[in-house]
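Descriptive analysis of the structure
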Amino acid sequence: LMGRMEEEGDFKLVKTRFYSTSNAGGEAPKCSGESDPLLGDAMDIDDLKQCDTIISCQGGDYTNEILPKLRAVWNGYWIDAASAKRMDADTIIVLDPVNSDVIQAGLAGGIKTFAGGNCTVSLMLLALGGLFKADLVEWLSSMSYQAASGAGQGHMKELVAQMGEVHNAVQDTLHTTTAVEVEEAVRNTPMTTAVWGHPLAGSLLPWIDKAVDAGQTREEWKGDAETNKILGLPDDKRVIVDGLCVRVGVLRCHSQAFMIKLKKDVPLPELEAMLAAHNEWVSVIPNTKEATLAHLTPAAVSGTLKINIGRIHKMKQGGEYLAAFSVGDQLLWGAAEPLRRTLRIVLAY
């Protein structure tokens with residue numbers, strides 16, 4: 001987040017005070033704008049209430065503890081990366097390339113709490129924004145392939161450790177044994193699993209977050225709940241979203257495979273044009289082997305704001321059924337970018 005704020009000159013627009021829950025009084029990070037040299041105490045309500053706007057990346061437990069106390073004496077803007085307040089009636093989930101109208105209406109109505117959305121949902125809406133804008137989506141199924149970094153720094157590092165353990169197990173015999181023997185050696189290699197609980201290197205984990213009703217995980221539940229809240233859709237116009245969320249052995253960037261039921265049969269070139277025109281970050285990738293492998297992978301978009309969507313074609317179920325595959329950097333669009341963009345919107349309001 002701070003890196004993106006520096007790149008876009010956000011700090012030059014505000015006076016910044018950094019806070020810490022564990023190192024109050026310590027040296028604060030340096031930024032390009034005016035800022036206090038020492039860290040404030042993130043638990044000090046009297047200090048926090050001096051701010052006009054607060055951006056929190058401290059997590060849901062912190063939000064649940066501090067925000068109610070702060071709201072009793074403060075009417076500023078709270079912009080949060082955590083999921084704790086997302087579904088509250090007095091909170092707007094922010095993704096302004098998709099729901100700027102909802103954000104502006106909320107500001108006009110006195111809303112002061114904003115939360116970044118689930119990273120997979122945000123990437124989906126950015127990729128498919130053109131179809132939602134045209135009110136073409138009746139329902140959709142999203143099968144996500146989620147990177148290790150979506151679970152946190154410790155999970156990402158443990159995946160790298162597991163990769164190293166796999167390599168160490170076969171490096172001396174890799175070129176002198178059969179593929180079957182290599183696979184057996186990898187399968188029987190003890191891996192560090194203190195964080196994941198299971199091997200992810202060379203494997204996958206088809207369960208993310210805790211169980212909720214109807215056989216879903218909470219990560220899968222968010223697809224429907226957050227999509228409809230972000231779009232501001234009333235109950236009688238809800239878009240049904242369901243699917244499976246799978247953790248894969250990728251360090252960064254989430255991918256998703258979509259099956260989309262359209263409200264009517266629209267020619268494929270028109271659909272592709274809608275998708276490509278929706279926002280400046282989405283690119284439609286031609287449905288060819290060469291273009292797909294060059295541009296529709298985590299390696300192709302990692303560290304960028306690009307949202308690539310391809311493999312687009314009508315399905316055998318009928319002309320109203322569309323298949324597509326997208327990939328984007330969830331570390332940027334899942335937290336950093338929506339928060340800093342919301343700060344800009346609040347400043348301009």
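Provided above is the structure to which this section pertains.
It should be emphasised that the depicted structure is a prediction, and the values quoted were computed from it without experimental measurement.

**What to know about the packing of helix H5 (residues 119-133) against helix H8 (residues 218-231)**
Remark: H5 packs on H8, axes separated minimally by 10 Å, with the N-to-C direction vectors making an angle of 50 degrees. The angle between the axes of H5 and H8 places the two elements in the oblique class. Between H5 and H8 lies a crossing whose hand is right-handed. In contact with Thr120, Val121, Met124, Leu125 and Phe132 of H5, H8 contributes Glu219, Lys222, Gly223, Glu226, Thr227, Ile230 and Leu231. A class-by-class count of the residues in the contact of H5 with H8 yields 6 nonpolar, 3 polar and 3 charged.

**Some details on the nonpolar core**
When a protein is soluble and globular, its nonpolar side chains tend to lie buried together. Core analysis: the largest hydrophobic core is formed by 35 residues, its most contacted members being Leu125, Leu128, Leu131, Leu140 and Ile260. Residue contributions to this core peak at 9 residues, all from H5. Beyond its immediate sequence surroundings of up to four residues, Leu140 is in contact with Met124, Leu128, Phe132, Ile240, Val241, Asp242, Phe258, Met259 and Ile260. Core analysis: the second largest hydrophobic core is formed by 19 residues, Phe18, Tyr77, Val94 and Ile111 among them.

**Observations regarding the environment of Arg340**
Within the secondary structure, Arg340 is located in helix H12 (residues 330-348). With relative accessibility at 5%, the residue Arg340 sits in the buried group. Along the sequence, Arg340 and Leu1 sit 339 residues apart, while their C-alpha atoms lie 7.3 Å from each other. Setting aside residues no more than four positions away along its own chain, Arg340 makes contact with Leu1, Arg4, Met5, Glu8 and Asp10.

The rules behind each value
Residues numbered from 1 in each chain as written. Predicted model: local features only at pLDDT ≥ 70, side-chain atom pairs only at ≥ 80, totals over all residues. Heavy atoms only, no water. Axes fitted to C-alpha atoms, helices over the stretch in contact; angles between N-to-C directions. Helix = DSSP H or I, 4+ residues; strand = E, 2+ residues; numbered from the N terminus. Parallel < 35°, antiparallel > 145°, perpendicular 65-115°, else oblique. Left-handed = near helix turned anticlockwise from the far one by under 90°. Contact = heavy atoms within 4.5 Å. Nonpolar A, V, L, I, M, F, W, Y, C, P; charged D, E, K, R; others polar. Core = buried A, V, L, I, M, F, W, Y, C linked by side-chain atoms within 4.5 Å. Buried < 20%, exposed > 50% of the residue type's maximum accessible area, 1.4 Å probe, protein only.

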